[in-house]
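# An overview of the molecular structure
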Amino acid sequence: MKMYRVKDYNAMSRKAANIIAAQIILKPDSVLGLATGGSPVGTYEYLVQWYKDGDLDFSQVKTVNLDEYKGLSKDNDQSYFYFMDQHLFSKVNIDIKNTHIPDGTIEDSDEACKRYNSIIEGFGGADLQLLGIGHNGHIGFNEPDEMFIKETHCAALTDSTIEANARLFENPDDVPRYAYTMGIQNIMQAKTIVLIASGKDKAKAIKDAFTGPVTPAVPASILQLHPNVIVIGDEDVFSLYE
Ligand code: PGA
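Read on for a plain summary of the structure. (Residues numbered from 1 in each chain as written. Predicted model: local features only at pLDDT ≥ 70, side-chain atom pairs only at ≥ 80, totals over all residues. Heavy atoms only, no water.)

## Some thoughts on the packing of aromatic side chains
The full count for this structure, using the stated rule, is eight aromatic pairs. Ring centres of Tyr69 and Phe169 lie 5.9 Å apart, and the angle between their planes is 75°; this geometry places the pair in the edge-to-face category. Here Tyr69 is found in strand S4 (residues 67-69), whereas its partner Phe169 is found in the loop between helix H5 (159-166) and strand S8 (178-181), with 100 residues between them in sequence. Across this residue pair, the class does not change: Tyr69 and Phe169 are buried. (Phe/Tyr/Trp six-rings, centres within 6.5 Å; stacked < 30°, edge-to-face > 60°. Helix = DSSP H or I, 4+ residues; strand = E, 2+ residues; numbered from the N terminus. Buried < 20%, exposed > 50% of the residue type's maximum accessible area, 1.4 Å probe, protein only.)

Here's what the structure looks like:
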């Protein structure tokens, strides 16, 4: 595992974007596993900038996102498809047909998850998976549990996650209660995993995930078993890490 302690959010974003850019340059048809949330916004800004500068070409890139809220359609401005379109897809030369996000409009959870799982399986996992981490140690919407769930599944969001995500909704009651998410095995299949985190509020999650036992009570702790994980965090997020 490689740990980069950097100064702040901007340095974290730049380092993550550098690694993703290198991946695309070295393998133009890479499968990128992508994440939503506050953590990757800066990373996507750098990638868009470097695309505009002529340094990056997304024409052959394929993407698989971690998760999507159940019940939200692509054009709902709270959906993760909408987020990805706003922050990356509409700003670079990616072919939208090569982008994949679970379909939140499929009512039948089993059907939605089966479909998405087969897309990931078809790729044999991502070449590089970008991850954030939740305050409770979740990755994607793999919430703390008694066991690791391997494949794409419908997750009931925990109160802590609903509270954290409420900041992005006009009314906290509007936060969806369920999401379709890649499972732990889907994530662990990625050849390289890049986890980014910043801020004191994530310090305990980082400490528990990378210095504690591997346990489904802290889903990110499974990453200790992956052969190629890069953690990029700012000084605040490493403040409890020895
Ligand atoms: P955040 O979310 O980047 O918005 O903090 C990360 C996560 O919950 O995985």
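## Some thoughts on the site of the ligand
Taken together, Gly37, Gly38, Ser39, Gly132, Ile133, Gly134, His138, Arg167 and Lys202 make up all the residues around the ligand. One of the side-chain N or O atoms of His138 is found 2.7 Å from an oxygen atom in the ligand. Within the side chain of Arg167, an N or O atom sits 3.1 Å from an oxygen atom of the ligand. Summarising the interface, the protein chains cover 81% of the accessible area of the ligand, which totals 280 Å² for the free molecule. When atoms are counted within 2 Å of each cavity's grid points, the one that captures over half of the ligand is the largest pocket. Residue composition of the shell around the ligand, by class: one nonpolar, six polar and two charged. (Near = heavy atom within 4 Å. Polar contact = N/O pair within 3.5 Å; in protein donor to acceptor, adjacent residues only side chain to side chain. Areas by Shrake-Rupley, 256 points an atom, 1.4 Å probe, with all protein chains shown as cover. 1 Å grid on protein atoms, 1.4 Å probe; cavity = no way out; pocket = protein on both sides within 12 Å on 5 of 7 lines; lining within 4 Å. Sits in = over half its atoms within 2 Å of the grid points. Nonpolar A, V, L, I, M, F, W, Y, C, P; charged D, E, K, R; others polar.)

## Some points on the layout of surface pockets
Each pocket or cavity is described by its volume, and for the largest pocket that value is around 490 Å³. Counting residues per element, the lining of the largest pocket draws most heavily on H5, which supplies four residues. Here the residues of the lining of the largest pocket sort into 10 nonpolar, 14 polar and four charged. Taken as a whole, the second largest pocket holds about 260 Å³ of empty space. (Points joined across faces, edges and corners; volume = space filled by probe spheres on them.)

## Focus: the environment of Lys97
In this fold, Lys97 is placed in the loop between helix H3 (80-87) and strand S5 (99-100). A residue is classified by how much of its surface remains accessible, and Lys97, at 65% relative accessible area, is exposed. Lys97 sits 35 residues away from Lys62 along the chain, and the two C-alpha atoms are 8.6 Å apart.

## Structural notes on the environment of Asp55
Within the secondary structure, Asp55 sits in the loop between helix H2 (41-52) and strand S3 (62-65). Each C-alpha atom of the pair Asp55 and Gly134 lies 32 Å from the other, and the pair is 79 residues apart in sequence. Residues contacting Asp55, with those up to four places away along its chain left out, are Ile25 and Trp50. (Contact = heavy atoms within 4.5 Å.)

## Regarding the nonpolar core
By size, the foremost hydrophobic cluster in this structure holds 33 residues, and its most contacted members are Leu47, Leu88, Val194 and Ile232. Considering each element in turn, this core owes the most residues, seven residues, to helix H1 (residues 9-26). Excluding anything up to four places from it in sequence, Ile232 contacts Tyr4, Val6, Met12, Lys15, Ala16, Ile19, Val194, Leu195, Ile196 and Ala197. By size, the runner-up hydrophobic cluster in this structure holds 30 residues, among which are Val64, Ile139, Ala209 and Leu223. (Core = buried A, V, L, I, M, F, W, Y, C linked by side-chain atoms within 4.5 Å.)

## Overview of a negative patch on the surface
A grouping of Asp77, Glu170, Asp173 and Asp174 is seen on the molecular surface, where their side chains present a negatively charged patch. One can find Asp174 in the loop between H5 and S8. (Patch = residues over 30% accessible without salt bridge, like charges linked within 9 Å, V, L, I, M, F, W, Y side chains within 5 Å. Salt bridge = Lys/Arg side-chain N within 4 Å of Asp/Glu carboxyl O. Lys, Arg positive; Asp, Glu negative; His and termini not counted. Charge placed at Lys NZ, Arg CZ, Asp CG, Glu CD.)

## Some details on the pairing of strand S7 (residues 153-156)
Along any regular strand, the residues point their side chains to alternate faces of the sheet. Here S7 shows a clear split, with His153 and Ala155 buried on one side and none of Cys154 and Ala156 buried on the other. Note: S7 against S8, four bridges, orientation antiparallel. Counterpart to His153 in the pairing with S8 is Thr181. (Pairing = 2+ DSSP bridges.)

## Topic: the packing of H2 against H3
Contact pair H2 / H3: the axes reach a minimum separation of 10 Å and the direction vectors enclose 40°. Here H3 runs oblique to H2, going by the angle between their axes. Across the interface between the two elements, Val41, Tyr44 and Val48 of H2 pack against Phe83, Met84 and His87 of H3. Across the contact of H2 with H3, the residue classes break down as five nonpolar, one polar and no charged. (Axes fitted to C-alpha atoms, helices over the stretch in contact; angles between N-to-C directions. Parallel < 35°, antiparallel > 145°, perpendicular 65-115°, else oblique.)

Don't take any of this as a statement about function, it's just geometry.
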